[in-house]
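# An overview of the molecular structure
One-letter residues, chain by chain:
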Amino acid sequence: MSQNTPEYTQSEAPAIELFKALGYDYFNASSNDSRSSINEVILEDRLRATLLKINPWLNNNALEKTIRTITNIQASSLMEVNQKVHELITKKDSITMKPTPEAHPKPVFIIDYENIDNNDFLIVNQMKYKGASNNSIPDIVVYINGLPLAVIECKSPKVNIADAISDLEYYQENSPKLFYYNQICVGINKGKGLYGTIGASFSHYSKFKADSIEDISKLVDRVPTDQDILIYSLFQKSVLLDIVRNFTIFEVDLGRTIKKLPRYQQLRAVNKILHKLKTQNQGGVVWHTTGSGKSISMIYLSIKLRREEVGFDNPTIIVVTDRIDLDNQISSTFRRAGFVNTKQAASIGHLKEELRDSYGKTIMTTIFKFQERAEEKIDPKDIEVLSDKENIFVLVDEAHRTQGGSTAAFMRASLPNAKFIAFTGTPIDTETKSTLNEFGSGEYIDKYTIKQSVEDGNTLAIRYQTGMPEYFIEKDLMNEVFNASFGHESQEKQIKLKSKAS
């Protein structure tokens, strides 16, 4: 690409400078491509060097075996191979090698999530990749430890951002091997930035908003653009690795695998919850408006709670709803996202039995499993304790509907040392703040309002006009349909039916 075009000067070049400010190495592949062939999508020299840095015990034979495992992944579709790669780079025992023939196998880490500086962060622009028809030349590719984890397509501010997403879709078809390792796809045109996953259409790409632009402004030394905000928010090194490891899920729906990344409010809320649990040993309330993905937020939170380094000793997670259909729905969502040990408690006795077992379960239940105890008028202090473990986390869906009465009190008494985190889309007690106080705090952990959801395009604005609507009723047709359906009933019952309907 010519460096005199608006696409380069106003989008690509500022993006490169921001990545460099974030600590990424950089080279221009159009004049400095060290690969032996455009068929290569992995920078093998960087991969080899980083593997030895992270796993210094690797001997040469184990190192070469590891590289062959990473570079030769067999699958029937791009999504399938992408999911296998994600497991390789995030799961502890996905690759194991013996330091010596006599030794026990040890895990080989491809990315060091705990020591960020052990990893190699690089961006390249204008690198050419072999395509099925023409060669693909994406504007910017983000490499972590020699693996192409993100592809960014830049456009002129005068070009619709949808064109960038269209190019990303074309690259996935034309050069699928480049996207075997991909974790984020990004389209930018200075005034807008959108991110998504492989296989996503334009409508499933999202904006990313920052709580504050002060740090971004200092870094770029100007008023940040939307593309600055997206790049800074997603590609700070610690944030990018957090997203890859903890906020990327593959959900199987009707036989089709869908890859999902977090919306910005989900990422923000989950990390705020973890911070509060670790610093205050206390839960709280998250208010995210209806349709903002609370069930997926619960999955992200559950993933992070289970991380060994978080320090909660492989906890038990209980998800509480107030309707059987919601219980089934959330159970299904967790299972589709890969939570294979999900249980649905059939009764209080069943729940107690599940809690006796080892830690690490995900249990679904409805609040009404506790109702029979409340109806017995037992004092909460006399209630039977189901478990006094401290590493139980109770995620309560639509908490404003259930957490103010005796049933909720009995649930808390049954789990005296559990931490309760509430998710609500409709906080209705703004005067008394009873839901907030019930969870041990007078303030929300995080808020995502209807207004914000409308601004982000996730919720349609409600439009209305004053005045009474005009009704026109086809009376003869209505009587004909009624007689066909209920004409066989007695005259008395027909009168009652008509009266009720009217």
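Note: the structure precedes this text.
Okay, so let's go over this structure. All values reported here derive from a predicted model rather than from experimental measurement.

### A look at the overall build of the chain
For the chain, the count of helices and strands is 18 helices and 17 strands. Taking the contacts inside the chain whose residues are at least 6 apart along the sequence as the reference set, 69% of them involve residues at least 24 apart. As presented, the chain carries roughly 24800 Å² of accessible surface, and 49% of it is formed by carbon and sulfur atoms.

### Quick look at the environment of Gln74
The topology assignment puts Gln74 in the loop between helix H3 (60-71) and helix H4 (78-90). The class of Gln74 is exposed, set by a relative accessible area of 62%. Considered as a pair, Gln74 and Lys84 are ten residues apart in the sequence and their alpha carbons are 9.0 Å apart.

### Regarding the packing of aromatic side chains
Per the stated rule, a full pass over the model turns up twelve aromatic pairs. Summarising the aromatic geometry, the rings of Phe208 and Tyr264 are spaced 5.9 Å apart at their centres and angled 50° between planes, so their arrangement reads as tilted. Taken together, the positions of Phe208 in the loop between strand S8 (193-196) and helix H6 (214-220) and Tyr264 in helix H9 (residues 264-280) put the pair 56 residues apart, joining distant regions of the chain. Taken together, the ring pairs connect Phe19, Tyr24, Phe121 and Phe235 into an aromatic cluster. Taking NZ or CZ as reference, Arg35 lies 5.1 Å from the ring centre of Tyr129, over its face. Above the face of the Phe420 ring, Arg412 is positioned so that its terminal group lies 4.4 Å from the ring centre.

### Side note on the nonpolar core
As a rule of thumb, soluble globular proteins bury nonpolar side chains together. One finds Tyr24, Ile184 and Phe235 to be the most contacted residues of the largest nonpolar core, which totals 112 residues. In contact with Tyr24, not counting residues within four places along its chain, are Phe19, Phe121, Leu122, Ile123, Val142, Ile144, Phe235, Lys237 and Leu240. Counting residues in each nonpolar core, the second largest holds 20 residues, with Val285, Ala345, Val394 and Phe439 among its members.

### Here's the deal with the pattern of salt bridges
In this structure the tally under the stated criterion is 25 salt bridges. One salt bridge in this structure joins Arg46 and Asp120, with 2.8 Å as the shortest N-O distance. Placement of Arg46 in helix H2 (residues 44-54) and of Asp120 in the loop between strand S3 (106-107) and strand S4 (121-125) is noted, with a sequence separation of 74 residues between them. Residue class for Arg46 comes out partly exposed when judged on its relative accessible area of 26%. Between Glu114 and Arg245 there is a salt bridge whose closest N-O contact spans 3.0 Å. Of this pair, Glu114 sits in the loop between S3 and S4 while Arg245 sits in helix H8 (residues 237-246), placing them 131 residues apart in sequence. Relative accessible area serves as the criterion here: at 16%, Arg245 is assigned to the buried category. Where salt bridges share partners, they join Asp211, Arg268, Lys272 and Asp446 into one cluster.

### Overview of the packing of helix H10 (residues 294-305) against helix H11 (residues 324-336)
H11 packs onto H10 with a crossing angle of 50° between their chain directions and a minimal axis gap of 10 Å. By the angle between their axes, H10 is oblique relative to H11. Judged by the twist between their axes, the crossing of H10 over H11 is right-handed. Residue-level contacts link Ser295, Ile296, Met298, Ile299 and Ser302 of H10 to Ile330, Thr333 and Phe334 of H11.

### Comments concerning the sheet that holds strand S5 (residues 140-144)
Taken together, six strands build an open sheet; the order of strands is S1-S4-S5-S6-S7-S8 and the sheet is mixed. The open sheet has two free edges, formed respectively by strand S1 (25-28) and S8, since each of these has just one partner strand. Direction aside, the axes of adjacent strands within the sheet are offset by 20° on average. Where strand S6 (residues 147-154) lies against strand S7 (residues 184-188), five bridges are found, and the strand directions are parallel. Note on S7: the bridge partner recorded for Glu153 is Gly187. Where helix H7 (residues 226-235) meets the sheet, its contacts fall on S5, S6, S7 and S8, and the angle it forms with S7 comes to roughly 165°.

### Examining the side chain of Lys419
Along the chain, Lys419 turns up in strand S16 (residues 419-424). Comment: no salt bridge for buried Lys419; closest opposite-charge side chain is Glu390, at 5.1 Å. At a separation of 3.2 Å, a polar atom in the side chain of Lys419 contacts the main-chain carbonyl oxygen of Asn417. The residues touching Lys419, leaving out its near neighbours within four places in the chain, are Leu277, Asn281, Glu390, Ile392, Phe393 and Val394.

### Brief notes about the sheet that holds strand S17 (residues 446-448)
Strand order in the open sheet formed by seven strands is S13-S14-S12-S15-S16-S11-S17, with parallel pairing between adjacent strands. Looking at which strands have only one partner, the edges of the open sheet turn out to be strand S13 (342-344) and S17. Ignoring strand direction, the axes of neighbouring strands in this sheet form an average angle of 20°. Relative to strand S15 (residues 392-397), strand S12 (residues 316-321) is paired through five bridges, and the arrangement is parallel. Each bridged residue has a counterpart across the sheet, and for Ile318 the counterpart in S15 is Val394.

### A word on the pairing of S6
A large share of S6 lies buried, amounting to eight of its eight residues. Sheet topology note: the S5/S6 ladder contains five bridges and is antiparallel. Each bridged residue has a counterpart across the sheet, and for Val141 the counterpart in S6 is Val151. Read as a crossover between parallel neighbours, the route from S6 over helix H5 (residues 161-174) to S7 is right-handed.

### As for helix H1 (residues 6-21)
Over its 16 residues, H1 extends 22 Å from the first C-alpha to the last, a length consistent with the 22 Å expected when each residue adds 1.5 Å. Along H1, the sharpest change in direction is near 35° and occurs at Glu12; proline Pro14 comes one to four residues later. Note on H1: the residue one or two positions beyond its end, Gly23, has a positive phi of about 100°.

About the thresholds
Residues numbered from 1 in each chain as written. Predicted model: local features only at pLDDT ≥ 70, side-chain atom pairs only at ≥ 80, totals over all residues. Heavy atoms only, no water. Helix = DSSP H or I, 4+ residues; strand = E, 2+ residues; numbered from the N terminus. Contact = heavy atoms within 4.5 Å. Areas by Shrake-Rupley, 256 points an atom, 1.4 Å probe, with all protein chains shown as cover. Buried < 20%, exposed > 50% of the residue type's maximum accessible area, 1.4 Å probe, protein only. Phe/Tyr/Trp six-rings, centres within 6.5 Å; stacked < 30°, edge-to-face > 60°. Lys NZ or Arg CZ within 6 Å of the ring centre and 35° of its normal. Core = buried A, V, L, I, M, F, W, Y, C linked by side-chain atoms within 4.5 Å. Salt bridge = Lys/Arg side-chain N within 4 Å of Asp/Glu carboxyl O. Axes fitted to C-alpha atoms, helices over the stretch in contact; angles between N-to-C directions. Parallel < 35°, antiparallel > 145°, perpendicular 65-115°, else oblique. Left-handed = near helix turned anticlockwise from the far one by under 90°. Pairing = 2+ DSSP bridges. Lys, Arg positive; Asp, Glu negative; His and termini not counted. Polar contact = N/O pair within 3.5 Å; in protein donor to acceptor, adjacent residues only side chain to side chain. Right-handed = clockwise from strand over helix to strand, strands pointing away. Expected span 1.5 Å × (residues − 1). Bend = angle between axes of the 7 residues up to and from the residue.

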